[in-house]
Amino acid sequence: MTLFDGHSDLLYDVTRHRLLGEHQVLERFHLDHLRKGGVDGLVLALWVSRTPGSFWYSVPGGQTEAGRTSLMLRCMEKELAECPDVVLVHSAAEAEQARRAGKIYAFLGVEGMAVIGQESVAGVDGYADLGVRIAMLTWNEENDLATGAGGDPDKGLTIYGKQAVRRMQERGILVDVSHLNDGGFWDVMDLTNGPVIASHSNCRALCDVRRNLSDEQLRAIRDTGGVVGLNAFHGFAHADPQMQTVETLARHAAHMVEVMGVEHVACGFDFCEFFEESGNEGVRGMENASCAANLLWELEKLGMKQRELELIARENFLRLLR
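Rules used in this analysis
- Residues numbered from 1 in each chain as written.
- Predicted model: local features only at pLDDT ≥ 70, side-chain atom pairs only at ≥ 80, totals over all residues.
- Heavy atoms only, no water.
- Bend = angle between axes of the 7 residues up to and from the residue.
- Helix = DSSP H or I, 4+ residues; strand = E, 2+ residues; numbered from the N terminus.
- Buried < 20%, exposed > 50% of the residue type's maximum accessible area, 1.4 Å probe, protein only.
- Core = buried A, V, L, I, M, F, W, Y, C linked by side-chain atoms within 4.5 Å.
- Contact = heavy atoms within 4.5 Å.
- Expected span 1.5 Å × (residues − 1).
- Phe/Tyr/Trp six-rings, centres within 6.5 Å; stacked < 30°, edge-to-face > 60°.
- Salt bridge = Lys/Arg side-chain N within 4 Å of Asp/Glu carboxyl O.
- Polar contact = N/O pair within 3.5 Å; in protein donor to acceptor, adjacent residues only side chain to side chain.

S.K.: Hey, could you go over helix α11 (residues 306-319) for me, with residue numbers and the actual values?
M.R.: Where α11 bends most, the angle comes to about 55 degrees, and this point is Ile 312. For α11, the set of buried residues is Leu 309, Leu 311, Ile 312, Ala 313, Arg 314, Asn 316, Phe 317 and Leu 318.

S.K.: With reference to specific residues and values, describe the nonpolar core.
M.R.: The biggest cluster of nonpolar side chains holds 90 residues, and the ones touching the most others in it are Met 113, Leu 137, Val 177, Phe 269, Met 286, Leu 295 and Leu 299. Top contributing element to this core by residue count: helix α9 (residues 246-260), with 7 residues. Filtering out sequence-adjacent residues up to four positions away, Leu 299 remains in contact with Ala 250, Ala 253, Met 304, Leu 309 and Ile 312. Of all hydrophobic cores here, the second largest spans 16 residues; its members include Phe 4, Val 89, Ala 98 and Val 227.

S.K.: Could you give me a rundown of helix α3 (residues 65-82), with the residues and numbers involved?
M.R.: Helix length check: α3, at 18 residues, gives a terminal C-alpha distance of 26 Å against a target of 26 Å (1.5 Å per residue), a fit within 8%. For α3, every residue scored as buried is listed here: Gly 67, Arg 68, Thr 69, Leu 71, Met 72, Leu 73, Cys 75, Met 76, Glu 79 and Leu 80. For α3, the secondary structure elements touched by its buried residues are α1 (10-18), α2 (25-36), β2 (39-46), β3 (86-88), β4 (104-111) and α5 (120-130).

S.K.: Account for the packing of aromatic side chains, naming residues and giving values.
M.R.: As enumerated under the stated definition, the model contains 14 aromatic pairs in all. Aromatic side chains Tyr 12 and Phe 55 sit 5.0 Å apart centroid to centroid with 65 degrees between the ring planes, which places their arrangement in the edge-to-face category. Highlighted residues: Tyr 12 in helix α1 and Phe 55 in the loop between β2 and α3, separated in sequence by 43 residues. Judged on exposure class, the residue Tyr 12 and its partner Phe 55 are both buried. Here the aromatic rings of Trp 47 and Phe 275 are separated by 5.6 Å at their centres, their planes lie at 5 degrees, and the arrangement is stacked. Separated by 228 residues along the polypeptide, Trp 47 in the loop between β2 and α3 and Phe 275 in the loop between β9 (265-267) and α10 (293-301) bring together distant segments of the chain. Through a chain of ring-to-ring contacts, the aromatic side chains of Tyr 12, Trp 47, Phe 55, Trp 56, Trp 139, Phe 274 and Phe 275 assemble into a single cluster.

S.K.: So what's going on with the environment of Met 168? Residues and values would help.
M.R.: Here Met 168 lies in helix α6 (residues 159-170). On the basis of relative accessible area, Met 168 is assigned to the buried category, the value being 1%. Linking Met 168 and Ile 134, residues 34 residues apart in sequence, is a C-alpha distance of 8.9 Å. What Met 168 contacts, discounting residues up to four positions off in sequence, is Met 113, Val 124, Ala 135, Leu 137, Ile 173, Leu 174 and Val 175.

S.K.: Just give me the short version of the pattern of salt bridges, but keep the residues and values in it.
M.R.: This structure, assessed with the given rule, holds 16 salt bridges. One salt bridge in this structure joins Arg 171 and Asp 129, with 2.9 Å as the shortest N-O distance. Note that Arg 171 is positioned in the loop between α6 and β6 (174-176) and Asp 129 in helix α5, a separation of 42 residues in sequence. By relative accessible area, which is 31% here, Arg 171 ends up partly exposed. Linking Arg 222 and Asp 223 is a salt bridge whose minimum nitrogen-to-oxygen distance equals 2.9 Å. Note on Arg 222: relative accessible area 25%, which makes it partly exposed. A relative accessible area of 59% places Asp 223 in the exposed class.

S.K.: Before we move on, can you summarise the environment of Glu 82 with the specific residues and values?
M.R.: Among the secondary structure elements, Glu 82 is positioned in helix α3. Here Glu 82 falls in the partly exposed class, since its relative accessible area comes to 26%. It is 34 Å that separates the C-alpha atoms of Glu 82 and Ala 164, two residues lying 82 residues apart in sequence. Setting aside residues up to four positions removed in sequence, Glu 82 forms contacts with Arg 18, His 23 and Gln 24. A polar side-chain atom of Glu 82 sits 3.0 Å from the main-chain amide nitrogen of Gln 24.

Below, the structure is given as structure tokens:
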């Protein structure tokens, strides 16, 4: 059985290597892992936030969100031109065509839209014209649109953030709330007239951290027709390091199924073991993409049937990308 990963930071690694003069980054470092883990499709995230230790601090033109976005898009274009095994797609139909041809299909997503600032409608249009299908208003920071999970939990969307959400839905871009604070989350729910997703989040009931979702939030996403993607990051699985395992991640999936129904659970693994700083490891048993299929084996041990596994592995997410 193959999987669709609804959140991947591979473009970060591609950009870092290419700006050092390297080529064929996906082929050299990542394709084998994807194929071994059964990952035949993913969402490539444009994530341009600067964190401590990030390579962006030493890159000419990397001082601004606009500069970093431009550089990452340019590196992506050149990388995909060199890697015929990965194909950029815009719909589930295109994804299926690529899969049948033996390609890994990739949708384009945005992890934080700070770059568009107060030009929210024009900025969303710019992303839509690039083929973006999934986007988050913010990463963990506060910007002109919203406040991320790292900020005041009670702050809502700004007027520009509300404009952006409305325009995203008009342009067929899924609103992704994985990095929003709680206040912004509920503002999105008040505005939505279509599916909302959390591409890479787990359950607060099992691990009470700001990036995970409460049962009330899970049900709200369910009621929009959306999905939540399971996140393999160890710190979102359990507070006890001894419990940060693929078995625990499977329990997050089981809890989501109990709260939302199996039709609303998906995968968004957020593998980032290749980042410069330590502390980004996946749970034991899912350290990188080559281990992705381990989750399905654990779900089978919990009693999930073949059809349920197929829905979680790829079909639920792709249903929203028609």
